[in-house]
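# Residue-level structure breakdown
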Amino acid sequence: MTVAFERAHSTVIGATPAQVLDYVSNPNSWPEWIAASHEITADDRPLVTGDTFHERWEIRSGEVELNWSVTDHAPGRHWIAEADTAFIGKIVCRYDVEPVDGGTKYTRTIRNPARAKPPTDEQVRRMDEEAETCLANIKRNVEARAGR
């Protein structure tokens, strides 16, 4: 028996949808805004459907190696990548952008379609805190690059 889990977080960024998505869909930017992401092996560009990349995380329980595949992308709209893991099953990472007054609404959604067990309340709290830090870092970095 498995449990599906999904968590989404959003912010408004003072930049165009293309500027936001180009930044976050280039995994080489991830160590700039994700604390756990320590090493990326990927082309230094926004990745597209069919591209693959490798990520190394440093987390509380040690080091984790992830092999990602970009499964879908629509320039200026969304980007999706997946990685299979032994510790929580598949991770699906989705980034959506849409124009709004003041810039772009950016939504980062992380899904685990088949976890062995649901995360604890403490794990969800830490995920939410880490996501808020990620969003603040993305906002700061993209707006600086956009000259805002």
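In this text the structure is predicted, and so the values were computed from the model without any measurement.

About the cut-offs
Residues numbered from 1 in each chain as written. Predicted model: local features only at pLDDT ≥ 70, side-chain atom pairs only at ≥ 80, totals over all residues. Heavy atoms only, no water. Helix = DSSP H or I, 4+ residues; strand = E, 2+ residues; numbered from the N terminus. Rg over C-alpha atoms; globule rule 2.2 N^0.38 Å. Buried < 20%, exposed > 50% of the residue type's maximum accessible area, 1.4 Å probe, protein only. Contact = heavy atoms within 4.5 Å. 1 Å grid on protein atoms, 1.4 Å probe; cavity = no way out; pocket = protein on both sides within 12 Å on 5 of 7 lines; lining within 4 Å. Points joined across faces, edges and corners; volume = space filled by probe spheres on them. Nonpolar A, V, L, I, M, F, W, Y, C, P; charged D, E, K, R; others polar. Pairing = 2+ DSSP bridges. Axes fitted to C-alpha atoms, helices over the stretch in contact; angles between N-to-C directions. Salt bridge = Lys/Arg side-chain N within 4 Å of Asp/Glu carboxyl O.

Looking now at the overall build of the chain. On a plain count of helices and strands, the chain comes out with three helices and seven strands. Secondary structure elements of the chain occur, N-terminal to C-terminal, as β-α-α-β-β-β-β-β-β-α. Against the compact-globule benchmark of 15 Å for 148 residues, the chain has a radius of gyration of 15 Å, which places it among compact chains. Overall size of the chain, expressed as C-alpha extent along the three principal axes, is 45 × 30 × 25 Å. Counting all 148 residues of the chain, 43% fall into the buried class. Relative to all contacts within the chain whose residues are 6 or more apart in sequence, the contacts with residues 24 or more apart total 47%.

Time to look at the layout of surface pockets. As a volume, the largest pocket reaches approximately 1,100 Å³. Looking at the lining of the largest pocket, the elements that each hand over two or more residues are strand 1 (3–13), helix 2 (30–33), strand 3 (52–59), strand 4 (62–74), strand 6 (89–100), strand 7 (103–115) and helix 3 (121–145). Of the residues in the lining of the largest pocket, the class split is 20 nonpolar, five polar and nine charged. There is about 160 Å³ of room inside the second largest pocket. Together, Q19, D22, Y23, N26, N28, S29, E32, P46, V142, R145 and A146 line the second largest pocket. When residues of the lining of the second largest pocket are traced back to their parent elements, those giving at least two are helix 1 (17–24) and helix 3.

Quick look at the sheet that holds strand 4 now. What the seven strands build is an open sheet, ordered 1-7-6-5-4-3-2; its pairing is antiparallel. Since the sheet does not close on itself, it has two edges, and those belong to strand 1 and strand 2 (37–41), each with one partner. Strand-to-strand twist across the sheet, computed as the mean angle between neighbouring axes with direction ignored, equals 20°. Bridge count for strand 1 against strand 7 is 10 bridges, and the pairing is antiparallel. Pairing of R7 across the sheet is with I110, part of strand 7. Across the sheet, helix 1 lies against strand 1, strand 4, strand 5 (78–85), strand 6 and strand 7, angled at about 160° from strand 6, the strand it touches most.

Inspection of every chain in the model, using the stated rule, returns 13 salt bridges. The partner of E39 in a salt bridge is R56, and the shortest N-O contact between them spans 3.3 Å. Separated by 17 residues along the polypeptide, E39 in strand 2 and R56 in strand 3 bring together distant segments of the chain. Several salt bridges share partner residues, and in doing so they unite E122, R125, R126 and E129 into one network.

Just geometry here; none of it tells us what the structure is for.
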